[in-house]
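An overview of the molecular structure
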Amino acid sequence: YEIGLVIPAEPLFRSRDKVYDVYVRGGAGLYAAFMPYYDLIDITFVDAVDPEATAFFPKLGDFKYKLETAEPYHILDGDFGTNGYSISKQIWVRK
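Reference entry: report on the structure contained in this document. (Residues numbered from 1 in each chain as written. Predicted model: local features only at pLDDT ≥ 70, side-chain atom pairs only at ≥ 80, totals over all residues. Heavy atoms only, no water.)

**Thoughts on the pattern of salt bridges**
Under the counting rule described, the total for this entry stands at two salt bridges. Note that D39 and R94 form a salt bridge whose closest N and O atoms lie 3.6 Å from each other. Pair noted here: D39 is in the loop between α2 (28–34) and β1 (40–47) and R94 is in strand β3 (residues 86–94), with a separation of 55 residues, a long-range link. Between D42 and K89 there is a salt bridge; the shortest N-O distance is 2.8 Å. In this pair, D42 is assigned in strand β1 and K89 in strand β3, connecting sequence segments 47 residues apart. According to the relative accessible area criterion, D42 is partly exposed, its value standing at 47%. Since its relative accessible area comes to 28%, K89 is described here as partly exposed. (Salt bridge = Lys/Arg side-chain N within 4 Å of Asp/Glu carboxyl O. Helix = DSSP H or I, 4+ residues; strand = E, 2+ residues; numbered from the N terminus. Buried < 20%, exposed > 50% of the residue type's maximum accessible area, 1.4 Å probe, protein only.)

**Digging into the sheet that holds β3**
Two orientations exist for strands paired in a sheet by backbone hydrogen bonds: parallel and antiparallel. Read from one edge of the open sheet, three strands run β1-β3-β2, paired in antiparallel fashion. Taken across any chain shown, the strands that pair with only one partner, and hence form the sheet edges, are β1 and β2 (65–72). The sheet shows a mean angle of 25° between the axes of neighbouring strands, direction not considered. Bridge count between β2 and β3: seven bridges; the pairing is antiparallel. Along β3, the bridge assignment pairs Y65 with R94. (Pairing = 2+ DSSP bridges. Axes fitted to C-alpha atoms, helices over the stretch in contact; angles between N-to-C directions.)

In structure tokens:
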């Protein structure tokens, strides 16, 4: 099914008694729509540019988030191949 962006996001994951963990899997419009609600963002960052790309995850430094941790992935030959890109697991938290 398809989720419409006109639905207020907060009632989808909060009730009087409980706060739910919600995982958002894009595209760019969904990421942007939920930006005011993220307390923590766990992202795999690939330091690469695709010249044909037209949509991107928002730049987190432009919002009220700070980088808490960044751990590089160590890719072994045969796992994903070696392509020269720097890849890290980043945790961003609301300021």
